[in-house]
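Remarks on the overall topology
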Amino acid sequence: MRYRKGWIVLLVLAVLSPLGAIAIGEAWGEWGIEAIEEAVGFKPRGMEKTVESVPGAPIPDYEIPGLEERGLGGAGLILSALLGAGITAGAAFGIARVVRYGRVS
Amino acid sequence: MHIPDGYISPHTSGVLYLASIPLLCLSMRIVRSRIKQSHIPLLALLAAFSFLIMMFNIPLPGGTTGHAVGGVLVAILVGPWPALLAVTLALAVQAIFFGDGGIITLGANIFNLAFVMPFAGYLVFRVLAGRSEPGERRFALAAALGGYAGVNLAAALVGFELGIQPLLHHLPDGTPLYCPYSLSVTLPAMILPHLTVGGLAEALVTGGVVAFLGKYHTELFSYTGTGHGKAAE
């Protein structure tokens, strides 16, 4: 496999991904609407409507549903990391191949 | 730095989709006509790297968290146009599968993180690297500063997009409809943590990987190395 060492590094990063969830606090401006309400005293109306109009993600916050409750949140994060990195790499490879050669293989 | 749905209006989101889509089309054209065969699996690897590095949240001054993006690193290795495609795919997977960054705001997030950051950071790298070669200290330092500049510009842009919302969209009595914070709050909130810890993290990732690869895998720098230096031989 081409760039084998690089893929191994990515595998290690995926396994270490629970370390990335230790930091306390949230990214600025990425709070849920309830947290906004708590901070400023109201739910901005447009924000509320927009949030209601978009479907929720299947794996919100990289936590595989059901694993967190069983104390396996770390394993869930690793699975999410592998899944997300795999889909991203697959899509990039597929799109670049199709764009460049008109076919995937 | 991923803007969630609801923080910016559908109008702002639409404008930034309209800006991002032609850029993506151009990116695909360049991938079609110029990308080297060996750079296709490298592009896939780097897209996945960008996805993963964004999972590593670090505490920032002010009690918030942030993460490196890797966009400038990708641009140095495969060029800024393919980097736009790679980071876009990482952002799309984060938004669609994991709810990290909005769907309606995906265009904005692509514009900030997949376009402005890699292109600006790459430009800074190019200027500072001069004729230095992979493996040289100046080359890695230029990469680190490119990463620093790229992430800071993106952070400032996110702060700007959030902070203009109360000006653009509010009820007659002034109540904001989307992000409730004005520029005087959003700009320092985005810029200050990135000028310090956030920028340092991006600089370390970008400069560190470029220094390591420059020493042990010079052949990977065929994009930046063309025209001069060892990599072009």
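Relevant structure appears above.
Computed from a prediction, not measured in an experiment: that's the story for all the values here.

**Regarding the overall build of chain B**
Tallying secondary structure elements over chain B gives 9 helices and 2 strands in all. The linear arrangement of helices and strands in chain B, starting from the amino end, is α-α-β-β-α-α-α-α-α-α-α. For 233 residues, the compact-globule formula gives about 17 Å, and the C-alpha radius of gyration of chain B, at 18 Å, lands near that figure. With the C-alpha coordinates of chain B rotated into their principal frame, the extents come out at 65 × 35 × 30 Å. By the burial criterion, 62% of the 233 residues in chain B qualify as buried.

**Describing the overall build of chain A**
Per the secondary structure count, chain A includes 4 helices and 0 strands. Secondary structure elements in chain A, listed N-terminal to C-terminal, are α-α-α-α. Computed over the C-alpha atoms, the radius of gyration of chain A is 19 Å, more than 25% above the 13 Å expected from 2.2 N^0.38 for a compact globule of 105 residues. Projected onto its principal axes, the C-alpha positions of chain A cover 55 × 35 × 25 Å. Looking at chain A residue by residue over its 105 residues, the buried ones come to 26%. Counted over contacts in chain A with a minimum sequence separation of 6, partners at least 24 positions apart contribute 35%.

**A word on the interface of chain B and chain A**
The partner chain A presents 52 residues to the 55 residues of chain B that form the contact. Elements with a minimum of two residues in the side of chain B that touches chain A: α1 (10-34), α2 (39-53), β1 (58-59), β2 (65-66), α4 (80-98) and α8 (183-216) of chain B. If one sorts the elements of the side of chain B that touches chain A by residue count, α2 of chain B sits on top with 11 residues. Its residues assigned to classes, the side of chain B that touches chain A comprises 39 nonpolar, 14 polar and 2 charged.

**Regarding the packing of α4 of chain B against helix α5 (residues 106-129) of chain B**
Residues and elements named next belong to chain B. At a minimum axis separation of 9 Å, α4 and α5 run at an interaxial angle of 145°. The crossing of α4 and α5 is right-handed. Side by side, α4 and α5 meet where Pro 80, Ala 83, Leu 84, Val 87, Thr 88, Leu 91, Ala 92 and Ala 95 of the first sit next to Leu 106, Asn 109, Ile 110, Leu 113, Ala 114, Phe 115, Pro 118, Phe 119 and Tyr 122 of the second. For the contact of α4 with α5, the per-class residue count stands at 15 nonpolar, 2 polar and no charged.

**Considerations on the environment of Thr 218 of chain B**
Residues and elements named next belong to chain B. Position of Thr 218 among the secondary structure elements: in the loop between α8 and α9 (222-225). On the basis of neighbour counts, which here come to 17 C-beta atoms within 10 Å, the residue Thr 218 falls in the partly exposed class. Sequence separation of Thr 218 and Glu 133 is 85 residues, and the distance between their C-alpha atoms is 9.1 Å.

**A short note on the environment of Tyr 181 of chain B**
Within the secondary structure layout, Tyr 181 of chain B lies in the loop between α7 (165-168) and α8. For Tyr 181 of chain B and Val 15 of chain B, which are 166 residues apart along the polypeptide, the C-alpha to C-alpha distance reads 20 Å.

**Remarks on the environment of Ile 103 of chain B**
Of note, Ile 103 of chain B is situated in the loop between α4 and α5. In sequence terms Ile 103 of chain B and Leu 91 of chain B are 12 residues apart; their C-alpha atoms lie 9.9 Å from each other. With near-sequence residues (within four places) excluded, Ile 103 of chain B lies in contact with Val 54 of chain A together with Asp 5, Ala 95 and Ile 96 of chain B.

**Quick look at unusual backbone geometry**
All names here are of chain A. Located in the positive-phi region is Tyr 3, a residue other than glycine, with phi close to 60°. Here Tyr 3 is to be found in the segment before α1 (4-16). Among the residues examined, Tyr 3 registers 17 C-beta atoms within 10 Å and is labelled partly exposed. One non-glycine residue, Tyr 62, lies in positive phi territory at about 65°. Of note, Tyr 62 is situated in the loop between α3 (45-53) and α4 (73-101). A residue is classified by how many C-beta atoms lie within 10 Å of it, and Tyr 62, with 25 of them, is buried.

Rules behind the numbers
Residues numbered from 1 in each chain as written. Chains lettered and ligands numbered in written order. Predicted model: local features only at pLDDT ≥ 70, side-chain atom pairs only at ≥ 80, totals over all residues. Helix = DSSP H or I, 4+ residues; strand = E, 2+ residues; numbered from the N terminus. Rg over C-alpha atoms; globule rule 2.2 N^0.38 Å. Buried ≥ 20, exposed ≤ 12 C-beta atoms within 10 Å, placed from the backbone. Contact = placed C-beta atoms within 7 Å. Nonpolar A, V, L, I, M, F, W, Y, C, P; charged D, E, K, R; others polar. Axes fitted to C-alpha atoms, helices over the stretch in contact; angles between N-to-C directions. Left-handed = near helix turned anticlockwise from the far one by under 90°.

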